[in-house]
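Secondary and tertiary structure notes
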Amino acid sequence: MHTAGIIHRRVKPSSDDLEDAVDGKFLSGKTVQFIALPTLIKYLLLEVPSENVGSVYVGDSAVASNNAPAMGPGTTREFTFRHHVKEAPGDLSDFYANFGHSGDAVNYLAITI
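Residues numbered from 1 in each chain as written. Predicted model: local features only at pLDDT ≥ 70, side-chain atom pairs only at ≥ 80, totals over all residues. Heavy atoms only, no water.

On a plain count of helices and strands, the chain comes out with 0 helices and 9 strands. Starting at the N terminus and walking to the C terminus, you meet the elements of the chain as β-β-β-β-β-β-β-β-β. The buried share of the chain, taken over its 113 residues, is 40%. Put simply, of all contacts in the chain between residues at least 6 apart along the chain, 74% involve residues at least 24 apart. For the chain, the accessible surface area stands at approximately 6,400 Å², while carbon and sulfur atoms represent 51% of it. (Helix = DSSP H or I, 4+ residues; strand = E, 2+ residues; numbered from the N terminus. Buried < 20%, exposed > 50% of the residue type's maximum accessible area, 1.4 Å probe, protein only. Contact = heavy atoms within 4.5 Å. Areas by Shrake-Rupley, 256 points an atom, 1.4 Å probe, with all protein chains shown as cover.)

With that settled, consider the packing of aromatic side chains. Summed over all chains, the structure comprises 4 aromatic pairs. On the basis of an interplanar angle of 35° and a centroid distance of 6.0 Å, the ring pair of F34 and F95 is categorised as tilted. Highlighted residues: F34 in the loop between β2 (31-33) and β3 (40-47) and F95 in the loop between β7 (90-91) and β8 (96-99), separated in sequence by 61 residues. Assigned by exposure class, F34 and F95 land together as buried. Each member of the aromatic cluster is reached from another via a ring pair, and the members are F34, F79, F81, F95 and Y108. (Phe/Tyr/Trp six-rings, centres within 6.5 Å; stacked < 30°, edge-to-face > 60°.)

Now for the confidence of the model for the chain. Residues at a pLDDT of 70 or more form 80% of the chain, whose mean pLDDT is 83. Segment residues 16-21 is flagged for pLDDT under 50; beyond a separation of four residues in sequence, or across chains, it makes 7 contacts in the model. This stretch, residues 24-29, has a pLDDT under 50; its non-local contacts, to residues over four places away or in other chains, come to 11 contacts. (pLDDT = per-residue confidence, 0-100.)

Take the environment of D94 next. Relative to the elements of secondary structure, D94 occurs in the loop between β7 and β8. For the pair D94 and D60, spaced 34 residues apart in sequence, the C-alpha to C-alpha distance is 5.8 Å. Residues contacting D94, with those up to four places away along its chain left out, are G59 and D60.

With that out of the way, let us pick up the sheet that holds strand β4 (residues 56-59). The strand order across the open sheet formed by 4 strands is β2-β8-β4-β5, and the pairing between neighbours is antiparallel. Looking at the sheet topology across the chains shown, the edges are occupied by β2 and β5 (70-71). In this sheet, β8 lies alongside β4 in antiparallel orientation, the contact comprising 4 bridges. Bridge pairing in β8 links G59 to Y96. (Pairing = 2+ DSSP bridges.)

So, on to the environment of D104. Here D104 shows up in the loop between β8 and β9 (106-112). In this structure, D104 is in contact with V11, K12, P13, N52, V53, G54, S55 and F99, ignoring residues within four places of it in sequence. At 2.7 Å, the side chain of D104 and the backbone nitrogen of G54 are in polar contact. (Polar contact = N/O pair within 3.5 Å; in protein donor to acceptor, adjacent residues only side chain to side chain.)

Rendered as structure tokens:
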């Protein structure tokens, strides 16, 4: 039996500050996986800090500025997975962010199953 929980983290492409890195690991380029371990979720809230210089693009491991909508500074986006109505839950490890600027970040809050 799984118990619900909450995960809140900051994802950023720069390895200058490993405390803010996801699991202390970075992928090549400016694309970063939210979390390495499979983690089933029922809700995900993304928040792009207003201090960001560029846009953030969120998607799968191939996410880039030409295949995902831009999330500009100060924007939020939410995803709800209705696993209780036979819809598959989301998996946080399937989410990646691509950054237009190396100092930018995206914050997320996920409700796990």
